[in-house]
Amino acid sequence: MDRKRQPSGDEARGRAMRAAISAIAEKGTAAVRMSDIAARAGMSTGHILYHFGKKDRLLLEVLAWSEADLGRRFQQAADEAASPAEKLALFVRFYLPRHPGDERYALWTQVLAQRHDDAGRHLLTALSDTWEERLEAIVLEGRALGQFAEVDPSEFVIRAVAMLNGLSGDVMFGRSRWQDASANAFALAALERELRPAAQD
């Protein structure tokens, strides 16, 4: 490898994180090695160790990076959306896995299968809370504009996230019911029904 081409800064961290997500999804937490990540990233093992340090930190660091990256892309799309309804559709699309074996969602399942200390549990709670806060903000905006029903935002978010999590498991498992139907469309239709103002029924 040409060491002059070793990436640096944000480019290197992004490349290392994406390679880690791919390696963890394929090999699992226990089997993945730093050298596996380095090979996928086109970087030296030493460079990977620089970004991650001990392997024990790997899962949580990669998940935090993945969620921050996904959150930025969601927010960019939401900022360009013309209405709360469009933001709701974007939320569903970004929240659900794209297909069976979706690497980002597989990373979540790997992380949740591990035992965590208080710091780890705090991080996971914060990541989950962030998605719930995004959804609640969409609901509140829609209510304020008279485009959504006067649902209790906190209770709606609990129901919505529970449904989306269940559908996510279905998609990752590859349930046949989603071979000819869209889990995204199913989820969005269910949320829209609950949020539809009474005058539109």
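That block above? That's the structure.
Residues numbered from 1 in each chain as written. Predicted model: local features only at pLDDT ≥ 70, side-chain atom pairs only at ≥ 80, totals over all residues. Heavy atoms only, no water.

### Here's the deal with helix α8 (residues 153-173)
- Along its 21 residues, α8 runs 30 Å from first to last C-alpha, staying within 8% of the 30 Å computed at 1.5 Å per residue.
- If you check which residues of α8 are buried, you get Pro153, Phe156, Val157, Ala160, Val161, Leu164, Leu167, Ser168, Asp170, Val171 and Met172.
- On its buried face, α8 is in contact with α5 (84-95), α6 (103-112), α7 (118-144) and α9 (183-195).
- In this structure Asp152 caps α8, since a side-chain oxygen of it lies 3.1 Å from the backbone nitrogen of Ser154.
- Gly174 occupies a position one or two residues after α8 and carries a positive phi of about 80°. (Helix = DSSP H or I, 4+ residues; strand = E, 2+ residues; numbered from the N terminus. Expected span 1.5 Å × (residues − 1). Buried < 20%, exposed > 50% of the residue type's maximum accessible area, 1.4 Å probe, protein only. Contact = heavy atoms within 4.5 Å. Polar contact = N/O pair within 3.5 Å; in protein donor to acceptor, adjacent residues only side chain to side chain.)

### Things to note about the packing of helix α4 (residues 58-80) against α5
- Running from N to C, α4 and α5 point in directions that differ by 160°, and their axes come no closer than 10 Å. As summarised for this structure, α4 and α5 are arranged roughly antiparallel, according to the angle between their axes. As for the relative orientation of α4 and α5, their crossing is right-handed in sense. Only Lys87, Leu90, Phe91 and Phe94 of α5 make contact with α4, whose side of the interface consists of Leu70, Arg73, Phe74, Ala77 and Ala78.
- Of the residues belonging to the contact of α4 with α5, the class tally is seven nonpolar, no polar and two charged. (Axes fitted to C-alpha atoms, helices over the stretch in contact; angles between N-to-C directions. Parallel < 35°, antiparallel > 145°, perpendicular 65-115°, else oblique. Left-handed = near helix turned anticlockwise from the far one by under 90°. Nonpolar A, V, L, I, M, F, W, Y, C, P; charged D, E, K, R; others polar.)

### Brief notes about the pattern of salt bridges
- Summed over all chains, the structure comprises 14 salt bridges.
- Put simply, Arg121 and Asp118 hold a salt bridge, and the shortest N to O gap is 2.3 Å. Here Asp118 and Arg121 lie together in helix α7, a separation of three residues that amounts to about one turn.
- Here Arg121 falls in the partly exposed class, since its relative accessible area comes to 44%.
- Judged by relative accessible area, Asp118 falls into the exposed class, the value being 58%.
- Taking the shortest distance from any N to any O, the salt bridge between Arg159 and Glu194 comes out at 2.2 Å. Highlighted residues: Arg159 in helix α8 and Glu194 in helix α9, separated in sequence by 35 residues.
- Taking relative accessible area as the criterion, Arg159 reaches 39% and is therefore assigned partly exposed.
- A residue is classified by how much of its surface remains accessible, and Glu194, at 30% relative accessible area, is partly exposed. (Salt bridge = Lys/Arg side-chain N within 4 Å of Asp/Glu carboxyl O.)

### Let's talk about the nonpolar core
- Counting residues in each nonpolar core, the largest one holds 31 residues, and the members touching the most others are Phe74, Phe91, Leu135 and Phe156.
- If you tally residues by element for this core, the top one is α8, at seven residues.
- Apart from the residues within four sequence positions on either side, Phe74 is in contact with Lys87, Leu90, Phe91, Phe94, Trp131, Arg134 and Ile138.
- Within the second largest apolar cluster, 26 residues are counted, among which are Val32, Ile37, Met43 and Trp108. (Core = buried A, V, L, I, M, F, W, Y, C linked by side-chain atoms within 4.5 Å.)

### Some words on the packing of aromatic side chains
- Applying the stated criterion to the full structure yields seven aromatic pairs.
- An aromatic cluster is built from Phe74, Phe91, Phe94, Tyr95 and Trp131, whose rings are joined through pairwise contacts.
- Positioned above the aromatic ring of Trp131 is the side chain of Arg134, whose terminal nitrogen or guanidinium carbon lies 4.4 Å from the ring centre. (Phe/Tyr/Trp six-rings, centres within 6.5 Å; stacked < 30°, edge-to-face > 60°. Lys NZ or Arg CZ within 6 Å of the ring centre and 35° of its normal.)

### A few points about the environment of Met43
- Note that Met43 resides in the loop between α2 (34-41) and α3 (45-52).
- Put simply, Met43 and Arg121 are 78 residues apart on the chain and 31 Å apart in space, counted from C-alpha to C-alpha.

### A word on the packing of α5 against α9
- Contact geometry for α5 and α9: axes closest at 10 Å, N-to-C directions at 140°. Our classification of the angle between α5 and α9 gives oblique. The interaxial crossing formed by α5 with α9 has right-handed handedness. Counting all contacts with α5, which are made through Leu88, Ala89, Val92 and Arg93, the residues of α9 involved are Asn184, Ala187, Leu188, Leu191, Glu192 and Leu195.
- Along the lines of polarity and charge, the residues of the contact of α5 with α9 split into seven nonpolar, one polar and two charged.

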